[in-house]
Every structure is written in structure tokens, then in C-alpha cells.
Amino acid sequence: MENKTALVTGANKGIGYEVARQLAGKGFHVFVGARNRDAGRKAVETIAASGKATFLEIDVSDNASVTAAVREFSKNAGRLDVLVNNAGIIVDGDDAILEISNELLRKTLETNTLGALRVTRAFVLLLAKSKAPRVVNVSSGGGQLTGGADGWSPAYCISKTALNGVTSQLAAALPKFAINSVCPGWVRTDLGGRNATRSVEEGADTIVWLATDAPQKLTGKFLRDRKEIPW
């Protein structure tokens, strides 16, 4: 039986790397998506110890890069079973909603929100070839409208609120897919910092579960620790 395939964006480090590593260990042919070639290839070298991994150059904020990534992916696989939209940024200076520039907000939305939508649209025909296509959008509790806003990194939080809206819309548009948002919690990564309360393994857990073992009928939800949470 042909291995299931998975694409994880931003998989050269942090949560994305851990998700890719675990999926490879579960028998997936994992495509390690990264915009940095050297970092992506280095990640593949270590993930390959767990299973089959292939580097895929992709900058989710760039239409041409995403289009090229689809072409390259199609040379290696005939379908995509799991897409994990993990790539995300926090831009320096994202400190106060009344002070951030329009450009900072646009840059953040371009990657964190439009990036996930852009990649999903680009790979939707390959996902449709799967018997059980799954899309996991890595969001944040900072994007929750229910008590989510407390002033930190407002552009980042707004981008995750919007990403949750993308998840809801995609789930409605693609009823045969399982499409969900995940809050991984505060994780010790370059983005989360050293003082974060969770390991990358803990942060990856619900993402990997949604990619593999969660019910296919579970869709259009926002989850943390394998449980639904308020939008």
C-alpha cells in the first residue's frame, strides 16, 4: 500500500519540525516545507531517521513559490492526504494595536492567514484525491475572540483570528475534508521563547492527532489538547 503523504509548512524547526518528525515515524511520506533551502534540507536529514522525508521549498507568502511547490510535489506524489499549515511569523515591533503600522499588519496577515488559504487552495486538487483528506491550521489562543485579546502581539493575534475564519469557511466549502484549527499552547520554540510552558512534543500532540487518528467527521472546529475550545 502506498504511504500516506503529508505536507507540513514551516517544518524546518519548532512545532512544524516535530509534527513532521512524528508523522514520518507513523509511516507518512512527509514533505518538509520551508522557504530556507539549507534549513529545510538539514531538517530532512534528521527527520529521515524516523521515516521518509522530502524537502519542499515553499514560501507561503508568495504565489509563485506556492505554485512551484505544487509542481515539485506532483513529481514525487500523486496525492496529498494531510496538509498542516504551520508556517507563521511574529514581526518585530508588533507591540500595540494603536501603534503598529499598516505594513506590519499586512505582512503578518500575508503569511499567517493568507498563507494558509493560499497553500490550501493550491493543493486542494491533490487533497481531493485522498480517501480522507485532512487540513490542520496551526492557530493560537491569542486569536480567540472569547477572552483572547490581552494586548500582546496584536497583529499576530488578529491574523490567527482571521485564520480561524478561514478554517470555518474552508470546512463549509469542502464537506468531505476534515479541516480544523489548533491552539498548540505556549510552546518553547524560537517564536514562543524559552519561558513557554509546553514542550514541542506537547505542542505537536493535537496537530498530529488531527492529522492521523481523529474522526474524519470532526471538522470546522478549534481545538486544544484534543478538545474543542471556543472561537
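Quick note: structure is the one above.
Just so it is clear, the structure is predicted and the values come from calculations on it, not from any experiment.

Trainee: Which parts of the structure should I look at to understand the sheet that holds strand E7 (residues 222–224)?
Mentor: Whenever strands of a sheet pair, they do so through backbone hydrogen bonds, lying parallel or antiparallel. Spatially, E3-E2-E1-E4-E5-E6-E7-E8 is the arrangement adopted by the eight strands of the open sheet, whose pairing is mixed. This sheet does not close on itself; its edge strands, each paired only once, are strand E3 (53–57) and strand E8 (227–228). Looking at chain direction, strand E6 (residues 178–182) and E7 are connected through two bridges and run parallel. Bridged to Val 182 within E7 is Leu 223. Helix H3 (residues 63–76) contacts strand E1 (5–8), strand E2 (29–34) and E3 of the sheet and is inclined by roughly 155° relative to E3. This element, helix H5 (residues 114–127), spans E1, E3, strand E4 (82–85) and strand E5 (134–138) of the sheet and lies at about 175° to E4.

Trainee: I tried to follow the nonpolar core on my own but got confused; where do I start?
Mentor: When a protein is soluble and globular, its nonpolar side chains tend to lie buried together. Ranked by internal contacts, the top residues of the largest apolar core, which has 30 residues, are Val 8, Val 19, Leu 23, Val 30, Val 32, Val 84 and Ile 207. Among the elements of the structure, E1, helix H1 (14–25), E2, helix H2 (37–47), E3, E4, E5 and helix H7 (200–212) are those that each provide at least two residues to this core. Tallying contributions element by element places H7 first for this core, with six residues. Ignoring anything within four residues of it in the chain, the contact list for Val 32 reads Val 8, Ala 11, Asn 12, Ala 20, Gly 40, Ala 43, Val 44, Ile 47, Ala 53, Thr 54, Phe 55 and Leu 56. The next biggest cluster of nonpolar side chains, apart from the first, holds 26 residues, and it includes Phe 73, Leu 83, Ala 116 and Leu 170.

Trainee: Mind showing me how you'd approach H3 here?
Mentor: In an α-helix, one turn spans 3.6 residues, which is why side chains three or four residues apart end up on the same side. Here H3 spans 21 Å end to end across 14 residues, near enough to the 20 Å set by a 1.5 Å rise per residue. Buried within H3 are the following residues: Ser 65, Val 66, Ala 69, Val 70 and Phe 73. Buried residues along H3 cover an arc of 140° about the axis, so they all sit on one side. The outward face of H3, more than 90 degrees from its buried face, is lined by the exposed residues Ala 64, Arg 71 and Lys 75. Between a side-chain oxygen at the N-terminus of H3 and the backbone nitrogen of Ala 64 the separation is 3.3 Å; the capping residue is Asp 62.

Trainee: Got a minute to help me understand the packing of helix H4 (residues 102–112) against H5 in this structure?
Mentor: In a pair of packed helices, the angle between the axes and the distance between the axes together describe the arrangement. Axis separation between H4 and H5 bottoms out at 3 Å; the angle between their running directions is 30°. Accordingly, the angle class assigned to the pair H4 and H5 is roughly parallel. Each of Leu 109, Glu 110, Thr 111 and Asn 112 in H4 lies in contact with H5, whose residues at this interface are Leu 114, Gly 115, Ala 116 and Arg 118. Split by residue class, the contact of H4 with H5 holds three nonpolar, three polar and two charged.

Trainee: Even after reading the chapter, I still don't get the side chain of Arg 79, so can you show me in this structure?
Mentor: Secondary-structure assignment places Arg 79 in the loop between H3 and E4. Among the polar contacts made by the side chain of Arg 79, one reaches the side chain of Asp 81 at a distance of 2.9 Å.

Trainee: I'm lost on the state of the cysteines in this one. Help?
Mentor: Throughout this description, disulfide means a covalent bond between two cysteine sulfur atoms. Summed over the entire model, instances satisfying the criterion amount to zero disulfides. A disulfide-free cysteine, Cys 157 has its sulfur positioned 11 Å from the sulfur of Cys 183, the nearest such atom. In this structure Cys 157 comes out as buried when scored by relative accessible area, which is 8%.

Trainee: For this particular structure, what's the right way to read the pattern of salt bridges?
Mentor: Opposite charge on two side chains makes pairing possible when the charged atoms of those side chains draw close. This structure, assessed with the given rule, holds seven salt bridges. Here Glu 110 and Arg 118 are joined by a salt bridge, their closest N and O atoms 2.4 Å apart. Since its relative accessible area comes to 14%, Arg 118 is described here as buried.

Cut-off values and rules
Residues numbered from 1 in each chain as written. Predicted model: local features only at pLDDT ≥ 70, side-chain atom pairs only at ≥ 80, totals over all residues. Heavy atoms only, no water. Pairing = 2+ DSSP bridges. Helix = DSSP H or I, 4+ residues; strand = E, 2+ residues; numbered from the N terminus. Contact = heavy atoms within 4.5 Å. Axes fitted to C-alpha atoms, helices over the stretch in contact; angles between N-to-C directions. Core = buried A, V, L, I, M, F, W, Y, C linked by side-chain atoms within 4.5 Å. Buried < 20%, exposed > 50% of the residue type's maximum accessible area, 1.4 Å probe, protein only. Expected span 1.5 Å × (residues − 1). Arc of directions from axis to C-beta. Polar contact = N/O pair within 3.5 Å; in protein donor to acceptor, adjacent residues only side chain to side chain. Parallel < 35°, antiparallel > 145°, perpendicular 65-115°, else oblique. Nonpolar A, V, L, I, M, F, W, Y, C, P; charged D, E, K, R; others polar. Disulfide = S-S within 2.5 Å. Salt bridge = Lys/Arg side-chain N within 4 Å of Asp/Glu carboxyl O.

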